[in-house]
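One letter stands for each residue in the lines below.
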Amino acid sequence: MQWTKCFGGTLLVILGLSLTGSSLGAAEPTWKVGTAKAVITPEKAMWLAGYGHRDRPSDGKLTDLWVKVLALEAADGTRGVVVTSDLLGFPEAMYETIYERLHKQHGLERSQLMLTCSHTHSSPVLSGALYDCYPLDDAQRAIIDEYSKHLVDTVVATVNEALGAMTPATLWSGQGSCDFAVNRRKNREADVVKLRQQGVPLRGPSDHDVPVLVVRTPEGKPRAVVFGYACHSTTLCGYEWCGDYSGYTQIELEKAHPGLQAMFYIGCGADQNPLPRRSVELCQKYGTMLTASVEAVLAGDLKSVSPKLKTAFEFVEVGLEGTPTHESLKADTKIHAMYVRRAERIGKLLDEGVALPKSCNIPVQAWKLGDQQLWITIGGEVVVDYDLMCKQKYGPKTWVAGYTNYVMSYVPSERVWKEGGYEANAFHVYGVPASRWAPDIQKKLTSAIDQLVNKL
């Protein structure tokens, strides 16, 4: 009789849990999610982006390069599209073309489209970007233009595929940690291994958080995972295509979870490097370290994300300083061949009377997933200070992505702007006809982010 009472009580508890949990949960509004991916590894030999020392096009591959899409639809029908890519970054003109086509086809607004990249330095040069860095001939420019056009078509087609494959799903968020990123402005690469062995803390700010967004089927099977990390993808510097450390992480995750689509975006890692580096073995090691961090999140206590999505977007106009003259361009030509090509290009514009820009737009975006999860994006090569500032202001679980939508140059904080150095004024790499940003760049960006977050 005692057993019967116990069984009866247990049965009532089970029924109660069923009614308040999974049974009712199945009838409640849920997310709809679509995924798709496509290989974007160049079929022809092309110049690789990211290093000015390279002197020839590619000669093989270590891994394929991918574009991957996650399309989300909240319970009220609001949509958001995340694109991850094994690219250095989308140029502005390419972003505009992709946006215009998706806006026309699907009615997506700028705030609903998030173009991200891994910033791998083992990916191809794209049309209109970094041309001053390399001695490109007409044949190579034609190959770059051909590839870039095909890339735009592929991104749009992959987004179309994802939007056409929307099925019910649940979303979950979590956060891990991984510590191979090092502040490259404050630590000499040659000293890092020794300092770690001695237990001496490395200098300068870094962010070792690994934000993770998990998509599960209604049955609970992992369907997609989107994760980020604030670190340059510069482990490798050779002539073979490769997704760098995050490419190996995605391969490992998809192998461990058949049917999973693994997607990576780079955080605010403009002043962060994987150190030490320069070998395939180290690249694979860092990939495995990042895999372990994501796996720990997948196996841990994830937080459910309710099917709500709010999005906001703004172009932030920031002034430029140091408009070049014929005299300043001539003086720069003594530095590097890159400056010679830059001087020839900009000098021609000056001769033609073209008015050089006095400002440049930086795209800023904010998403709110569910009731709490905030996701902020900033265009350009963004230093880690912005990541840390956003987390301090909006909460430690805030996600911040750099290099998003398009990359026009490095984006320094006030601290980095005052310190000077490469990340403060590397306009020559991107061909910007100026010497640096105006000093109020951080003030303008953080003010815009605050306004977007308030809108949400």
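My aim in this report is to walk through the structure given alongside it, one point at a time.

### Regarding the overall build of the protein chain
Line of reasoning, step 1. Secondary structure summary: the protein chain contains 14 helices and 18 strands in total.
Line of reasoning, step 2. Its C-alpha atoms give the protein chain a radius of gyration of 23 Å, within 12% of the compact-globule value 23 Å for 456 residues.
Line of reasoning, step 3. Across its three principal directions, the C-alpha atoms of the protein chain cover 100 × 55 × 45 Å.
Line of reasoning, step 4. Per-residue burial over the protein chain gives 54% buried out of 456 residues.
Line of reasoning, step 5. Considering only contacts in the protein chain between residues 6 or more positions apart, those separated by 24 or more positions represent 79%.
Line of reasoning, step 6. For the protein chain, the computed accessible surface area is about 19,200 Å², with 55% contributed by carbon and sulfur atoms.
Line of reasoning, step 7. Averaging the coordinates of the 48 positive side-chain charges in the protein chain and doing the same for the 50 negative ones gives two points 4 Å apart.

### What about the side chain of Asn-187?
Line of reasoning, step 1. With respect to the element layout, Asn-187 can be found in the loop between strand 6 (181-183) and helix 5 (189-197).
Line of reasoning, step 2. Polar contacts involving the side chain of Asn-187 include one to the main-chain carbonyl oxygen of Asn-183, which spans 3.0 Å.
Line of reasoning, step 3. A distance of 2.6 Å separates the side chain of Asn-187 from the backbone oxygen of Arg-203, its partner in a polar contact.
Line of reasoning, step 4. With residues up to four places along the chain from it excluded, the contact list for Asn-187 reads Val-182, Val-192, Leu-195, Leu-202 and Arg-203.

### Observations regarding the pattern of salt bridges
Line of reasoning, step 1. Tallied over the full model, the rule gives 28 salt bridges.
Line of reasoning, step 2. Between Arg-415 and Glu-419 there is a salt bridge whose closest N-O contact spans 3.3 Å. On the criterion of helical spacing, the pair formed by Arg-415 and Glu-419 is a turn pair, its members being 4 residues apart in helix 11 (residues 414-419).
Line of reasoning, step 3. A relative accessible area of 38% places Glu-419 in the partly exposed class.
Line of reasoning, step 4. What you see here is one network of salt bridges that share partners, running through Arg-184, Arg-185, Lys-186, Asp-271, Asp-385, Arg-415, Glu-419 and Glu-423.

### Quick word on the nonpolar core
Line of reasoning, step 1. Residues Ile-98 and Tyr-229 are the most contacted members of the largest nonpolar core, which totals 111 residues.
Line of reasoning, step 2. Ranked by residue count, the leading element in this core is helix 4 (residues 138-163), at 10 residues.
Line of reasoning, step 3. The next biggest cluster of nonpolar side chains, apart from the first, holds 22 residues, and it includes Ala-169, Met-263, Val-305 and Trp-367.

### Focus on the sheet that holds strand 14 (residues 373-378)
Line of reasoning, step 1. If you trace the 5 strands from one edge of the open sheet to the other, you get 16-14-13-12-18, paired in mixed fashion. The sheet is open, and its two edges are formed by strand 16 (399-401) and strand 18 (436-437), each paired on a single side.
Line of reasoning, step 2. Helix 10 (residues 384-394) contacts strand 14 and strand 16 of the sheet and is inclined by roughly 150° relative to strand 14.

### Some details on the packing of aromatic side chains
Line of reasoning, step 1. Taken as a whole, this structure holds 15 aromatic pairs when the rule is applied.
Line of reasoning, step 2. Ring geometry for Phe-180 and Tyr-245: centres 5.1 Å apart, planes at 75°, overall edge-to-face. Placement of Phe-180 in the loop between strand 5 (167-177) and strand 6 and of Tyr-245 in helix 6 (residues 244-256) is noted, with a sequence separation of 65 residues between them. Both residues of the pair, Phe-180 and Tyr-245, belong to the buried class.
Line of reasoning, step 3. An angle of 80° between the planes, with centres 5.3 Å apart, marks the rings of Phe-427 and Trp-437 as edge-to-face. Of this pair, Phe-427 sits in helix 13 (residues 427-430) while Trp-437 sits in strand 18, placing them 10 residues apart in sequence.

### So, the packing of helix 3 (residues 92-106) against helix 4
Line of reasoning, step 1. As a packed pair, helix 3 and helix 4 sit with axes 10 Å apart at the nearest point and diverge in direction by 35°. Read as a crossing pair, helix 3 and helix 4 show a hand that is right-handed. Touching Met-94, Thr-97, Ile-98, Arg-101, Leu-102, Gln-105 and His-106 of helix 3 are Ser-148, Leu-151, Val-152, Asp-153, Val-155, Val-156, Val-159, Asn-160 and Leu-163, all from helix 4.
Line of reasoning, step 2. Of the residues that constitute the contact of helix 3 with helix 4, the class distribution is 9 nonpolar, 5 polar and 2 charged.

### Some words on the environment of Ala-129
Line of reasoning, step 1. Tracing the backbone shows Ala-129 in the loop between strand 4 (113-115) and helix 4.
Line of reasoning, step 2. For Ala-129, a relative accessible area of 16% translates into the label buried.
Line of reasoning, step 3. Taking the C-alpha atoms as reference points, Ala-129 and Cys-360, separated by 231 residues in sequence, lie 15 Å from one another.

### What about the pairing of strand 13 (residues 359-369)?
Line of reasoning, step 1. Most of strand 13 is tucked away, with 8 of its 11 residues classed as buried.
Line of reasoning, step 2. Examined bridge by bridge, strand 12 (residues 309-321) and strand 13 share 11 bridges and lie antiparallel to one another. Looking across to strand 13, one finds that Glu-314 is bridged to Val-364.
Line of reasoning, step 3. Here strand 13 runs beside strand 14; their pairing, made up of 6 bridges, is antiparallel. Bridge pairing in strand 14 places Ala-366 opposite Ile-376.
Line of reasoning, step 4. Linking strand 13 back to strand 14 in an antiparallel pair, the connection comprises 3 residues, with Gly-370 at a positive phi of about 70°.

Scoring rules and cut-offs
- Residues numbered from 1 in each chain as written.
- Predicted model: local features only at pLDDT ≥ 70, side-chain atom pairs only at ≥ 80, totals over all residues.
- Heavy atoms only, no water.
- Helix = DSSP H or I, 4+ residues; strand = E, 2+ residues; numbered from the N terminus.
- Rg over C-alpha atoms; globule rule 2.2 N^0.38 Å.
- Buried < 20%, exposed > 50% of the residue type's maximum accessible area, 1.4 Å probe, protein only.
- Contact = heavy atoms within 4.5 Å.
- Areas by Shrake-Rupley, 256 points an atom, 1.4 Å probe, with all protein chains shown as cover.
- Lys, Arg positive; Asp, Glu negative; His and termini not counted.
- Charge placed at Lys NZ, Arg CZ, Asp CG, Glu CD.
- Polar contact = N/O pair within 3.5 Å; in protein donor to acceptor, adjacent residues only side chain to side chain.
- Salt bridge = Lys/Arg side-chain N within 4 Å of Asp/Glu carboxyl O.
- Core = buried A, V, L, I, M, F, W, Y, C linked by side-chain atoms within 4.5 Å.
- Pairing = 2+ DSSP bridges.
- Axes fitted to C-alpha atoms, helices over the stretch in contact; angles between N-to-C directions.
- Phe/Tyr/Trp six-rings, centres within 6.5 Å; stacked < 30°, edge-to-face > 60°.
- Left-handed = near helix turned anticlockwise from the far one by under 90°.
- Nonpolar A, V, L, I, M, F, W, Y, C, P; charged D, E, K, R; others polar.

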